[in-house]
Amino acid sequence: MAKYLLLLCVLYLILGFAASANPWARVEQPFTGSSDAIGSYSNGCLSGGVGLASEGEGFQVIRTSRKRYYGHADLVNFINEYAATLKQAGLDDLLIGDMSMPRGGHFTSGHRSHQIGLDVDIWLRQANRKLTAQEVEKPQELDVVNRQAFKVNANWSDAHGVMIRLAALDKRVARIFVHPVIKQQLCSQAEQGSSWLQKVRPWWGHSSHMHIRLKCPDNNQLCEGQDQPPEGDGCDELSWWQEQMSAPKKVKSSEDKPKPKPKPKKGNPCSVSLC
């Protein structure tokens, strides 16, 4: 079965879609069959994608018109279970942002990853009531970071720490991307040696949402996972991030050497029509 799916996916290179078009964004329905994540998080596709309900116990999906609420069956199950657990713990509804498109593939804008149905953005703002149609399409973000002071601002709450910790403790989760300031806050609050912090990875942006990434399912032979995060809780890495973010921006001069041309990107191994 794995070899058959791979043959279907490489046909993308033969179909010859125009470079200016994004065929993945035009697809309305997922490919039938069981869920299979094919390729890597930033270069692949999704077969047998499952649409997440627009709302459920403990969550509401936002910006539904973008049709980015599809995922691998494992991701949909994770979201349902995770949101229900947080709801039972007394938290308000989670706002579910981008997952994947019906057959995965690259977005026209917004992300390089989210291509194989195993990534989901969960906003740090929660909802204590059902959102209106206008709020669903144009939700208000909740930025919890004071960049100049390199610390969280007054928007940060204990609920955010609970959200991230509970996700990190789930065995299905490979990584959680957050702003470095958020990681610093978690390090200051957690007990020394908290192993779950290893999965929480600092990254640019991510000051108003967290990006949860699941591991490749065991039976998806064409899914390309990542190496394990470095050993330890990663709290000792944060001084580097603070230096990067506080460093003055370099002003380009006419004497600056031109950058070498980037190497051509590896083609997506998948076919819209067959994935």
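Rules used throughout
Residues numbered from 1 in each chain as written. Predicted model: local features only at pLDDT ≥ 70, side-chain atom pairs only at ≥ 80, totals over all residues. Heavy atoms only, no water. Helix = DSSP H or I, 4+ residues; strand = E, 2+ residues; numbered from the N terminus. Buried < 20%, exposed > 50% of the residue type's maximum accessible area, 1.4 Å probe, protein only. Contact = heavy atoms within 4.5 Å. Areas by Shrake-Rupley, 256 points an atom, 1.4 Å probe, with all protein chains shown as cover. Pairing = 2+ DSSP bridges. Disulfide = S-S within 2.5 Å. Core = buried A, V, L, I, M, F, W, Y, C linked by side-chain atoms within 4.5 Å. Axes fitted to C-alpha atoms, helices over the stretch in contact; angles between N-to-C directions.

If you tally the helices and strands in the protein chain, you get 8 helices and 14 strands. Going through the 275 residues of the protein chain one by one, you find that 47% of them count as buried. Relative to all contacts within the protein chain whose residues are 6 or more apart in sequence, the contacts with residues 24 or more apart total 77%. Element-wise, carbon and sulfur atoms account for 51% of the exposed surface of the protein chain, whose accessible area totals about 15200 Å².

Moving on, we get to the sheet that holds strand S1 (residues 36–40). What the 3 strands build is an open sheet, ordered S2-S1-S14; its pairing is mixed. Strands with a single pairing partner mark the edges of an open sheet, and in this sheet they are strand S2 (43–47) and strand S14 (223–224). Pairing geometry for S1 and S2, over 5 bridges, is antiparallel. Along S2, the bridge assignment pairs Gly39 with Gly44.

A few words now on the state of the cysteines. Scanning the model with the defined rule gives 2 disulfides in all. Between Cys187 and Cys235 runs a disulfide, and the two sulfur atoms are separated by 2.0 Å. Handedness here is read from the sign of the S-S torsion; for Cys187 and Cys235, about -90°, the answer is left-handed. One end of the pair, Cys187, is in helix H7 (residues 180–189); the other, Cys235, is in the loop between S14 and helix H8 (238–246), with 48 residues separating them in the sequence.

Core analysis: the biggest nonpolar cluster contains 48 residues, and Tyr82, Ile96 and Ile212 have the highest contact counts within it. Setting aside chain neighbours within four positions, we find Tyr82 in contact with Leu94, Ile122, Met163, Ile164, Leu166, Ala167, Met210 and Ile212.

What follows concerns the sheet that holds strand S4 (residues 55–56). Picture the strands of a sheet paired through backbone hydrogen bonds; they go either parallel or antiparallel. With mixed pairing, the 7 strands of this open sheet are ordered in space as S4-S5-S7-S8-S13-S11-S12. The open sheet is flanked by S4 and strand S12 (200–202), the only strands paired with a single partner. Packing of H7 onto the sheet brings it into contact with strand S8 (119–127), strand S11 (173–178) and S12, and relative to S12 it is tilted by some 135°.

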